[in-house]
Amino acid sequence: MDGMMTFIGFWGHAAVGFGYAALAIWLFHKYGTSNRQQILLISAMAATSLWGVAALFSGPLSLAALLAESARNLAWLCFMFFLLKSGEGREQPRTINMIYAVLLIILLFQPANDAVVALFGMRGFNTDIAIQSSMTLRMIYAVGALVVVHNLYTVSAPEARWGISLPMAALAAMWTYDLNLYTISYITAEPSAELVQTRGLAAAMLAPVFVMAAHRNSNWGLRLSRSVAFRSVSLVAIAVYMFGMVVLATALEIVGGTYVRLAQITLIFGMSLTALLVLPSGRFKSWLNVVIAKNFFQHRYDYRSEWMRFADTIGFPSKEAAPFYERVIKSLADIFDSPGGLLLVPDEEDRLTLQARWNWATANVPSYCVTSVTMPFFESTGHIVSMDQIRQGTDDKCDPRAIPQWLFEESQAWAVVPLVHFGRLAGLVILSRPRLPRALDWEDLDMLRVVGRQLASYLAEAASQQALAESQQFEQFNRRFAFVAHDIKNLVSQLSILARNAERHAEKPEFRVDMIDTLRSSVDKMNELLARLSQHNKSRQAAPIIIDIGEAVMKAVHDKRLIYPIEAELKPGMFATADPARVETIIGHLVQNAIEATGDGSPIQIKCNIQGNEIAVHISDKGVGMTEMFISKLLFKPFESTKEGGFGIGAYEARALALSMGGQLRVDSKPGRGTTFTLLLPRATEAQDPVNMDEAA
């Protein structure tokens, strides 16, 4: 086995010597010495190569190898220090600068200590104290180096970590190996031959990592995070790790046995592998945050930093930021470590609908996602609902009828947060379960209430801005109407002149021909002008009357049935309270939209039925269909049209007319499967007499 270890040690250190020398030469030729960080990186590669050569020719524990190791560590330390100093951002706290200074002193003292060991060793003196001092200095340096590696990574901005993650990981692996080597050597009072010989191989395996790092970040620019802080928890974690290693290695040494060295090596790699798998996980980080907050701080949240992060997320978006409604969810979810969420907001009918998702694509939210009790309950109470308590039946303040069934069935739903603004529900946020499941406590509820009120004001402001924008669009429409009215006035003047001339020249054939041409031209122009305007005029709306809905529908589609196939299944005796003119306008809009959406000539289907206290008119097509996002955001938005030359007010006007008669307009559509519009009108009582459609007209 000793022969095998010697073989591994020889070729491992040879690979370090020649591999890192080749890497330094490659970096020099490819990137040159464009900046100080690049020069220091090449120097660190060269120093690492020198250490490998010294260990190869003089032995891994010779004075030359130890001096080269100190030079290697000094080169990498300088690289990290000047990389940090070159970063854009706030200045580093004095604590970290002091650690760099202490590490520098240790590196400068190590050669003197190594020289004393070599000198006294050759003269036969007892060198145990000097050897133990050398091991101690190298253990302290390894701990400090791991601390500064961790700090350099954590203080960098998130967008800059991608460029330095690989070299920091490689350096952490190198010094973690050194820490384990010198800790075991200190405990056993002699260097571990297995770890010494395999050290070169471990270092050689890190060379490809530095190659990939050089490809990622050739200029080694660094941007520091705006909240630069030294995290002492990392030092505590490293100390605990070292203490555990000392205890376990000592126990193995006491037990002894033939394979004690193999057991120690297995222990080292096992603990290292466990750390690599556990520490980066989001669940572990969440658990650690909870433990730290619970045991080291009076309050769970750092309210200043949380509020600043909230303000940055919701109030100061960048060009690459998510849409506003997604940022509303994210700003709340980030505080509670929730990985996703949903936002429901009231529409024009004061009915909560899905407005946005954030990192929760699997949530199955139906079109009608709340009950009739949901909005009144949350507006009157502002109660924050824990879904776990609701499922267990322990929340006595919540009306179960306010929680829709799909939320009960959605296992990831964790909290329902109402956003109430001056007694009005501006929105409802549903947070998904955090990575570390936990119950809501009083501090969570206080934070949710405060942030919820702030988000409610943002949503109310956004709704006001949208209403103002629509009002401005209507103002522009009215301005266009003035131009059209002016053109109509000109046509009226032209027809008035024509009428006066007809009294004198009506008997002339030539005049009659000109008169007919003029009338035809004027009619065409007036029809063109009328087509450019909405027919809806609230000031002329008639009061709703009792009508036969079948007759009203057939009258509305009479002309369109001559040019396009329409299949109507209308049962007699279904009476609704509505305005025939408005019903005709609504049906005309919806049928025309269905015809335009169906490109293959498939027939339009119209059905009527009774749904409780309402009469339902279903208009279905097999056209291109619409997405959920288009329906919720654009379909009923005025002046948003996908048709060439369209005003974008057809669907908006249809729903407005339905609401003005006490009815509703609903839509169900899937891309590629067609669309069904449903007009709901109040059902008339049997004791009332219907009005004849011809008389109503």
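What counts, and at which threshold
- Residues numbered from 1 in each chain as written.
- Predicted model: local features only at pLDDT ≥ 70, side-chain atom pairs only at ≥ 80, totals over all residues.
- Heavy atoms only, no water.
- Pairing = 2+ DSSP bridges.
- Helix = DSSP H or I, 4+ residues; strand = E, 2+ residues; numbered from the N terminus.
- Axes fitted to C-alpha atoms, helices over the stretch in contact; angles between N-to-C directions.
- Core = buried A, V, L, I, M, F, W, Y, C linked by side-chain atoms within 4.5 Å.
- Buried < 20%, exposed > 50% of the residue type's maximum accessible area, 1.4 Å probe, protein only.
- Contact = heavy atoms within 4.5 Å.
- Parallel < 35°, antiparallel > 145°, perpendicular 65-115°, else oblique.
- Left-handed = near helix turned anticlockwise from the far one by under 90°.
- Nonpolar A, V, L, I, M, F, W, Y, C, P; charged D, E, K, R; others polar.
- pLDDT = per-residue confidence, 0-100.

Peer 1: Hey, could you run me through the sheet that holds strand S11 (residues 664-670) in this one?
Peer 2: Whether parallel or antiparallel, the strands of a sheet pair through hydrogen bonds between backbone atoms. Strands sit in the order S7-S9-S10-S12-S11 across an open sheet of 5 strands; the sheet is mixed. Here the strands that pair on one side only, and so sit at the sheet edges, are strand S7 (566-569) and S11. Averaged over all pairs of adjacent strands, the angle between their axes in this sheet comes to 15 degrees, without regard to strand direction. In terms of strand pairing, S7 meets strand S9 (residues 604-611) through 4 bridges, oriented parallel. Note on S9: the bridge partner recorded for Ala568 is Ile606.

Peer 1: Is there a simple way to think about unusual backbone geometry in this case?
Peer 2: Note: most peptide bonds trans; most residues except glycine with negative phi. One non-glycine residue with positive phi stands out, namely Asp337, at about 60 degrees. Along the chain, Asp337 turns up in the loop between helix H13 (324-335) and strand S1 (341-346). Positive phi, normally seen in glycine, also occurs at Asn359, with a value near 55 degrees. With respect to the element layout, Asn359 can be found in the loop between strand S2 (352-358) and helix H14 (374-381).

Peer 1: Explanation requested: the nonpolar core in the structure shown.
Peer 2: Across soluble globular proteins, nonpolar side chains show a tendency to be buried alongside one another. Of all hydrophobic cores here, the largest spans 52 residues; its most connected members are Met45, Trp76, Met80, Tyr141, Leu171, Trp175 and Phe210. Sorting the residues of this core by element identifies helix H1 (2-31), helix H2 (36-58), helix H3 (63-85), helix H4 (94-123), helix H5 (128-155), helix H6 (158-188), helix H7 (193-205) and helix H8 (207-216) as the ones contributing at least two each. Looking at this core, the element that brings in the most residues is H5, giving 10 residues. Residue contacts for Trp76: discarding those within four places in its chain leaves Leu41, Ala44, Met45, Thr48, Leu171, Met174, Trp175 and Phe210.

Peer 1: Even after reading the chapter, I still don't get the packing of helix H19 (residues 549-556) against helix H20 (residues 580-597), so can you show me in this structure?
Peer 2: The relative placement of two packed helices comes down to the angle between their axes together with the axis-to-axis distance. Two elements in contact, H19 and H20, have axes whose closest approach is 9 Å; the angle formed by their N-to-C orientations is 55 degrees. Viewed along their axes, H19 and H20 adopt a mutual orientation that is oblique. Once H19 is placed against H20, the crossing between them reads as right-handed. Facing H19, whose interface residues are Ile549, Ala552, Val553, Lys555 and Ala556, H20 presents Val583, Glu584 and Ile587. Broken down by class, the residue content of the contact of H19 with H20 amounts to 6 nonpolar, no polar and 2 charged.

Peer 1: It is not clear to me how the environment of Val417 should be interpreted in this structure. Could you clarify?
Peer 2: Mapped onto the fold, Val417 is located in strand S4 (residues 413-421). Sequence-wise, Val417 and Ile384 are 33 residues apart; in three dimensions their C-alpha atoms are separated by 5.1 Å. Val417 has contacts with Leu332, Ile384, Gly427, Leu428, Val429 and Leu448, leaving out every residue within four places of it along the chain.

Peer 1: Explanation requested: the pairing of S1 in the structure shown.
Peer 2: Along any regular strand the residues' side chains alternate between the sheet's two faces. Within S1, 5 of the 6 residues are buried, leaving the element largely enclosed by the surrounding structure. Where S1 and S2 come together, 6 bridges link them in antiparallel fashion. Following the sheet pairing, Leu344 is matched in S2 by Leu354. Where S1 folds back onto S2 in an antiparallel hairpin, the turn is made up of 5 residues, including Asp350, whose phi is positive at roughly 55 degrees. Of the strand pairs in this sheet, S1 and strand S5 (residues 424-432) are connected by 4 bridges, and their pairing is antiparallel. Within the sheet, the bridge partner assigned to Leu344 lies in S5 and is Leu428.

Peer 1: Teacher, can you tell me more about the environment of Pro376 here?
Peer 2: Among the structural elements, Pro376 can be located in helix H14. Owing to a relative accessible area of 46%, Pro376 belongs among the partly exposed residues under this scheme. Here the alpha-carbon distance between Pro376 and Ala402, two residues 26 residues apart in the chain, equals 8.5 Å.

Peer 1: Looking at this structure, I do not really get the confidence of the model for the protein. What am I missing?
Peer 2: Detail in the predicted coordinates should be disregarded across regions flagged by low pLDDT. For the protein, per-residue confidence averages 77 on the pLDDT scale, and 72% of positions sit at 70 or higher. In the model, residues 225-233 has pLDDT below 50 throughout and makes 19 contacts with residues more than four positions away in sequence or in other chains. Residue range residues 292-298 is modelled with pLDDT below 50. Its contacts to residues more than four positions away, or to other chains, number 5 contacts.

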